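# Reading the structure
Single-letter residue listing:
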Amino acid sequence: MKYRIVAASAAASLAAALLTGCGSSDDGSSGDGPAASGPASLTYWAWAPGLDKVADIWNKGEGKKAGITVTVKKQASGDDLVTKIITAAKAHKAPDLVQAEYQALPTLVSNDVLADISKEAGDAKGKFADGVWQQTTLGSDALYALPQDSGPLMFYYRQDLFKKYGLSVPTTWDEFAETARALKKKAPGKDLTTFSSNDSGLFAGLAQQAGAQWWTTGGDKWKVAIDDPATRKVADFWGGLVKEGAIDNQPMYTPAWNKALNTGKQIAWVSAVWAPGVFTTAAPDTAGKWAMAPLPQWTAGQNVTGSWGGSSTAVTNDSKHKEAAATFVKWLNTDATALAALVKESGIYPAATAAQTGGALAQPPVYFPNQPDFYAEAAKIAKGTAPAAWGPNVNVAYTAFKDSFAAAAKSRADFGPALTAMQDATVADLKKQGFGVSE
């Protein structure tokens, strides 16, 4: 599944949208409030479960007062939805609202799908971590969506086995490497973790933590910096551990990986805040034996993490009720009642910082009964989320990662050439699609 990328004719409009924030937000209303132009019936394309129940709360409460009704139409996620929404927008039949993953926003903006809602919702900035907010502005003065959920990275480990083998929880990546080596010496049949090439999002998040900005704009051109010093540091670190056999080289989400977690063959996992749900199905026999800690740092004492996943809520340019739609977007992602419902009905980790503790998240995940402060600690970690810089062909970069890094990991070869191949494939695709690229 691939995004349909816009060619040269859209490159200029993308640059303008990113650099000057020229997206449309005028829906022709008087500006006296969402009901000023009369009742509005909005359609919301989304994939998260239970969003229809959250919309019902709006429809019976604030929406009823404002004369704004929202109908959720369930969609497939990922590239399927991106392709569908772009196709609909080209026919001027896009819905009013759409759930969009952060990495898809540049593609949707370049296709002129999304409206700038900075005038209507820009004052919500302080309710989100800076690194998360930046993903919805694309580094510009415009605002193309409001953050809905996030996936800050953290470190999960088997408390009992760390104790058994005399291991300390690593606070830096150097300590992480030494922990992996120490475990191998004490228990040669076990691995601290694995490097997986079948989910590009984890690698992207680790690169973000190191300071990588894979796509940036300058003038009317894109600059691709996937093979930059920050990402190369990450690639060399993990490639080195794989090459020396200090960690495993097998992909995640396979029966073999599940078994390794469930039997204690692997005793740690770098993952995101949503990991407890994966553990429940992958390693059901080890519930209560795992704990969560901050992601190891490149510089001791810092609190920086990357993101793995997350989505936003955006208003489309096709909407005839942009102001009303933006009002719902703001309610959905900042109102206490809405956020509590999102946690309960959709099972998300909210991007709004005020909702990351207490309420529905007052208790730890069922899988972590031994860590009552799970979400309090997660909230502290999330505050240090590093900014991400996405471009219009994330899918191409991710595919190149899976291909080149899979081969390197399997053969335990240096990861440097794989990273270069990822960079080259991304640049070549941008040029092929007609985008200007600065070297």
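It should be noted that the structure appears before, not after, this text.
These lines cover the structure that appears in this document, whether it is placed above or below. All of these numbers come straight from a predicted model, not from anything done at the bench.

### Overview of the nonpolar core
Residues Phe195, Trp214, Trp215, Trp238 and Phe405 are the most contacted members of the largest nonpolar core, which totals 148 residues. Element by element, the count of residues in this core is highest for helix 17 (residues 394-411), at eight residues. Residues within four places of Trp238 in sequence aside, it is in contact with Trp173, Phe176, Thr193, Thr194, Phe195, Leu206, Ile247, Val270 and Phe415.

### So, helix 2 (residues 51-60)
When we look at burial in helix 2, the residues that qualify are Leu51, Val54, Ala55, Trp58 and Asn59. Buried residues in helix 2, looked at end-on, bunch into an arc of 145°, giving them a common side.

### Quick word on the environment of Val113
Inspection of the secondary structure assignment puts Val113 in the loop between helix 5 (105-110) and helix 6 (118-121). Judged by its relative accessible area of 2%, Val113 falls in the buried class. Along the chain, Val113 and Glu101 lie twelve residues apart, while their C-alpha atoms are 14 Å from each other. Excluding its chain neighbours within four sequence positions, the residues that come into contact with Val113 are Ile85, Ile86, Ala89, Leu108, Val315, Thr316 and Asn317.

### Here's the deal with the environment of Gln363
Structurally, Gln363 is set in the loop between helix 15 (336-346) and helix 16 (374-382). By relative accessible area, which is 58% here, Gln363 ends up exposed. In this structure the C-alpha to C-alpha distance between Gln363 and Gly151, which are 212 residues apart in sequence, comes to 18 Å.

### A short note on the pairing of strand 4 (residues 146-158)
Most of strand 4 sits inside the fold, with 13 of its 13 residues counted as buried. Here five bridges tie strand 4 to strand 9 (residues 307-315), and the two strands are oriented antiparallel to one another. Note that in strand 9 the partner of Pro152 across the bridge is Ser307. Bridge count for strand 4 against strand 7 (residues 268-272) is five bridges, and the pairing is antiparallel. Residue pairing across strands places Phe155 opposite Val270, the latter belonging to strand 7. Summarising the sheet, strand 4 and strand 8 (residues 290-294) pair through five bridges and their orientation is antiparallel. Across the sheet, the residue bridging to Met154 is Pro294, located in strand 8.

Conventions and cut-offs
- Residues numbered from 1 in each chain as written.
- Predicted model: local features only at pLDDT ≥ 70, side-chain atom pairs only at ≥ 80, totals over all residues.
- Heavy atoms only, no water.
- Core = buried A, V, L, I, M, F, W, Y, C linked by side-chain atoms within 4.5 Å.
- Buried < 20%, exposed > 50% of the residue type's maximum accessible area, 1.4 Å probe, protein only.
- Helix = DSSP H or I, 4+ residues; strand = E, 2+ residues; numbered from the N terminus.
- Contact = heavy atoms within 4.5 Å.
- Arc of directions from axis to C-beta.
- Pairing = 2+ DSSP bridges.

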